[in-house]
Protein chains: 2
Amino acid sequence: MRIEILATGDEILGGKTVNTNYSHVARRLLEEGLTPYWGTTVGDDRASLLAAFRQAAERADAVIVNGGLGPTVDDLSQECAAEAAGVGLVLHEAWLARMEEFYKRRSRTMPPNNRKQAMLPEGCEFIDNPIGTACGFALSIGKARFFFTPGVPREMKRMLDEQLIPRLLKLGGVSGVTRLKRFHSFGIGESRADEMLSGIDGLAGGAIKLGFQAHYPQLETKLAVHGADAAEVEARLAPVEAEVRKRLGNFVIAEDNDSLESVILGALANRGGSVAVAETVTGGAVAARIASLEGAESVFRRGIVARDLGQLGEATGARASAISSGVSPASAGALAGALKASSGASHALVALVQLDEGADRLEFGGAIELAVADASGVVTRSARMSGGRDWVRVGAAELALDCLRRHLLGLPVEERVDFERR
Amino acid sequence: MRIEILATGDEILGGKTVNTNYSHVARRLLEEGLTPYWGTTVGDDRASLLAAFRQAAERADAVIVNGGLGPTVDDLSQECAAEAAGVGLVLHEAWLARMEEFYKRRSRTMPPNNRKQAMLPEGCEFIDNPIGTACGFALSIGKARFFFTPGVPREMKRMLDEQLIPRLLKLGGVSGVTRLKRFHSFGIGESRADEMLSGIDGLAGGAIKLGFQAHYPQLETKLAVHGADAAEVEARLAPVEAEVRKRLGNFVIAEDNDSLESVILGALANRGGSVAVAETVTGGAVAARIASLEGAESVFRRGIVARDLGQLGEATGARASAISSGVSPASAGALAGALKASSGASHALVALVQLDEGADRLEFGGAIELAVADASGVVTRSARMSGGRDWVRVGAAELALDCLRRHLLGLPVEERVDFERR
């Protein structure tokens, strides 16, 4: 089935808004086993909209139109859809009543121009929007089925998942259910993960599609599983899921909606623990990842960032002699011990980075010294990364958090990651 | 002149890569007085590429094709361009030599499949790429002039600015030069800025186009100026530029490539000063903005983040009694004084946030208490913002940095910003 995604609106056409709605829709389709075939972007312009609808009606089987359902005069989707389908616009009484109710509950009166949002092409299929005033609708133009969706990302995403995808699967003759299982890993690149998981999609006899999405320094491994019903999906997924966990091993930092930092927070909260962080060069990124989580109030104690080891020593209460060796395992360990004592946290994490001298460049690297202190003592980890200033910073912050995760979960902190150069 | 932007590649079509190249090109065109008219996205698929080229050749005057110039078999732009234009591919000897030289300088041998990147449609115009192995080219298909550009953003952007825009301006009969002047402001929304600058584009008799780009909490105000030559552009811009500065006043935090944090860094460096930061709830974001800048080594002394005022007191050395009033101007001031003393920095910035109780929601807000300490004493600033947890955090960090900027530049720190609710 050929699916076209058609974005409308001057803000998108002119580049003022980056078209993240497009990439979201395309990714979701692929995850469901559907294939985006063509993408079109046009402005709030009647002639362009009509031309785009007519072209899409000829080349696609299904068209997802995004945007142009608002109450203002430059929102033209309903009008142009009706014109392209050769029908008129009629008032959808039920939607008008819902909108009036929507305003009433907020103690406001519906502005008269919102009425426009209930004018839909004659004979179209109404599609609910439980969280906004722009309802969706579907109608056939030429040989294609068109689905109109609101431009507000939150409303579009919900309508896509709840309303459009089931209709598209039916239209494409795809039956059953699909589930997306996600693994987040740190330390392995896409090509290495691909090797490590070679043949894994064969385990379920083709019912599972393996995919990757790299966002340095993390890699997301996705299993899209299809089956007749939820039970079949679970039965197919279980052995493959277990095998992925086994093969990727300690590199898996979290699954599904969990993250590296939420796993750390959970592990600390479970044992009534707390954490303090001291870092250089990473600009406070390590602490920020934990401190910004909901529920971090009871776990995150203190974060200290400085460009200078001496400043870090003063702020943590480490003896100057203990850090006289510069960025080294000994200094990292001494700072971690001092920070644990001065902050009263159960765990202290220290991340030191010594960037190379000279101008930033692709080969630019840095030495990384990490330490975790807890009641049982101090563990340290040394690494070297390269790839430019920002690359090293981001990699060092991730390595530091992963070091804490591994320590908390009883895993080895010394396992080499792909981004290391030594 | 109708310009189409045509993105190619499975990664873009499938949503794996967000199409930021599209929005960059569209924005740059608008800034130069050119108008994007249509956007198309297709995958690495011969039939789709040919169909897309042929449709664009009919509806557009100029087409910017992005991607598909790489060395691998799925890079099809040259081939399909030649086919659509009805010509063959010929080896561009000079580009092949340049590529070989490129590899030689890196002490590597050019892989044989890179030769493909020097195979260009017969009779096309060569377009240089000084920083990569994918050269660009231009040729006419149907009634449109096609410009082929590499998918790598850095290479595409440079080619767009240096090579494509002059050609497009010539093609569109636009003569002379255009300059883009940018003002970054904090504290005013787009509609208020629009009011404050009302009539300003009239000052230059229509030769200046005013535009805004909001990325909360900052607003970018752009003046696109056109003239016969650089001198005319400067002459037209000077009075308008001065008027924008006057009307937006203290809300302008930086201009052109400067930023709020680089202005702060510059002001501190100029007086041989340094800064330490203590913050709650903002997760270290205030310190991170300064600490991550190049050249911050000599200025940024120390950053402390904690969720708890007591922890912040211990880490800065403030007396417990001085912060017993909780998140208040008195506590912020006491912490700033203590931090200045313990860090040895010339300036200390404190940002305290007290979020509302309860679940995150759109009306969710927080109280913000800021203080700056320097040799002359302590200034404080209180504010309240709402709009959800993240919105308050981001706004508070910006307000804190702006407070420091204003103090360093001798401007009032108390000026109300649009995002405040009180």
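The shown structure was predicted, so the numbers you read here are calculated from the model rather than taken from an experiment.

Reading the values: the criteria
Residues numbered from 1 in each chain as written. Chains lettered and ligands numbered in written order. Predicted model: local features only at pLDDT ≥ 70, side-chain atom pairs only at ≥ 80, totals over all residues. Buried ≥ 20, exposed ≤ 12 C-beta atoms within 10 Å, placed from the backbone. Helix = DSSP H or I, 4+ residues; strand = E, 2+ residues; numbered from the N terminus. Pairing = 2+ DSSP bridges. Right-handed = clockwise from strand over helix to strand, strands pointing away. Domains from an automatic or database assignment. Contact = placed C-beta atoms within 7 Å. Nonpolar A, V, L, I, M, F, W, Y, C, P; charged D, E, K, R; others polar. Least-squares fit on C-alpha atoms with pLDDT ≥ 70 in both. Axes fitted to C-alpha atoms, helices over the stretch in contact; angles between N-to-C directions. Parallel < 35°, antiparallel > 145°, perpendicular 65-115°, else oblique. Left-handed = near helix turned anticlockwise from the far one by under 90°. Core = buried A, V, L, I, M, F, W, Y, C linked by C-beta atoms within 7 Å.

(A) Representation of the pairing of strand S13 (residues 275-280) of chain B in the model. Residues and elements named next belong to chain B. Buried residues dominate S13, accounting for six of its six residues. On S13, burial covers both faces: Val-275, Val-277 and Glu-279 on one face and Ala-276, Ala-278 and Thr-280 on the other are all buried. Where S13 meets strand S14 (residues 300-306), six bridges bridge the pair, whose relative direction is parallel. Its bridge partner lying in S14, Glu-279 is registered against Val-305. On the question of chirality, the crossover connecting S13 to the parallel S14 by way of helix H10 (residues 285-291) is right-handed. Here S13 pairs with strand S15 (residues 347-355) via five bridges, running parallel. Paired with Ala-276 across the strands is Ala-348, a residue of S15.

(B) Expanded view of the domain arrangement of chain A. All names here are of chain A. Structurally, chain A comprises domain 1 (3-171), domain 2 (177-255) and domain 3 (260-409). Contacts between domain 2 and domain 3 engage six residues on the former and nine residues on the latter. Residue composition of the side of domain 2 that touches domain 3, by class: five nonpolar, one polar and no charged.

(C) Expanded view of the relation of the copies chain B and chain A. Superposition of chain B onto chain A requires a rotation of 180° combined with a translation of 0.1 Å along the rotation axis, giving an RMSD of 0.3 Å. What we have between these two chains is a two-fold relation. A share of 100% of the interface residues of chain B reappears at the interface of chain A, consistent with the copies meeting face to face through the same patch.

(D) Local environment of unusual backbone geometry. Residue and element names in this part refer to chain A. The peptide bond linking Tyr-216 to Pro-217 adopts the cis configuration, its omega dihedral lying at 5°. Among the structural elements, Pro-217 can be located in the loop between strand S10 (208-215) and strand S11 (218-227). The backbone of Asp-256 sits at a positive phi, close to 50°, despite the residue not being glycine. Secondary-structure assignment places Asp-256 in the loop between strand S12 (252-255) and helix H9 (260-270).

(E) Quick peek at the sheet that holds strand S17 (residues 377-386) of chain B. Strand order in this open sheet of ten strands is S17(A)-S16(A)-S15(A)-S13(A)-S14(A)-S14(B)-S13(B)-S15(B)-S16(B)-S17(B), and the pairing throughout is mixed. Edge positions in the sheet fall to strand S17 (377-386) of chain A together with S17 of chain B, since each has one partner strand and no second. Between one strand axis and the next, the sheet turns through 10° on average, direction left out of account. Of the pairings in the sheet, the one linking strand S16 (residues 365-374) of chain A to S17(A) comprises ten bridges and is antiparallel in character. In the strand pairing of S17(A), Asp374(A) is matched with Gly377(A).

(F) Representation of the packing of helix H11 (residues 309-316) of chain B against helix H12 (residues 329-343) of chain B. Residue and element names in this part refer to chain B. Contact pair H11 / H12: the axes reach a minimum separation of 8 Å and the direction vectors enclose 30°. Put simply, H11 runs roughly parallel to H12. Both H11 and H12 take part in a crossing whose hand is left-handed. Mapping the contact onto sequence places Leu-309, Leu-312, Gly-313 and Thr-316 in H11 and Ser-331, Leu-335, Ala-338, Leu-339 and Ser-342 in H12. The residue makeup of the contact of H11 with H12, split by class, is five nonpolar, four polar and no charged.

(G) Highlighting the packing of helix H9 (residues 260-270) of chain B against helix H13 (residues 389-408) of chain B. Residue and element names in this part refer to chain B. Between H9 and H13, the least distance of the axes is 10 Å, while the angle of their chain directions is 35°. As for the relative orientation of H9 and H13, their crossing is left-handed in sense. Every residue of H13 that contacts H9 at Leu-260, Glu-261, Val-263, Ile-264, Ala-267 and Leu-268 is listed here: Leu-401, Asp-402, Leu-404, Arg-405 and Leu-408. Tallied by class, the residues present in the contact of H9 with H13 amount to eight nonpolar, no polar and three charged.

(H) Highlighting H11(B). Counting buried positions along H11(B) gives six out of eight residues, so the element sits mostly inside the fold. Close packing links the buried residues of H11(B) with strand S14 (300-306), helix H11 (309-316) and helix H12 (329-343) of chain A together with S13, S14 and H12 of chain B. Of the residues one or two after H11(B), Gly317(B) is the one with positive phi, at around 85°.

(I) The interface of chain B and chain A, seen in detail. Each side of the interface is counted separately: chain B has 42 residues, and chain A has 42 residues. Counting only elements with at least two residues in the side of chain B that touches chain A, the list comes to helix H2 (20-31), strand S2 (36-42), H10, S14 and H11 of chain B. Among the elements that take part in the side of chain B that touches chain A, H2(B) stands out by supplying eight residues, more than any other. Residue classes in the side of chain B that touches chain A are distributed as 19 nonpolar, 17 polar and six charged. Relative to S2(B), strand S2 (residues 36-42) of chain A runs antiparallel, the two being bridged by three bridges.

(J) Main features of the nonpolar core. In terms of nonpolar packing, the biggest core is built from 150 residues, with Leu335(A), Val350(A), Ala400(A), Leu335(B), Val350(B) and Ala400(B) touching the most fellow members. When near neighbours in sequence (up to four residues on either side) are disregarded, Ala400(A) contacts Val286(A), Leu349(A), Ala351(A) and Leu370(A).

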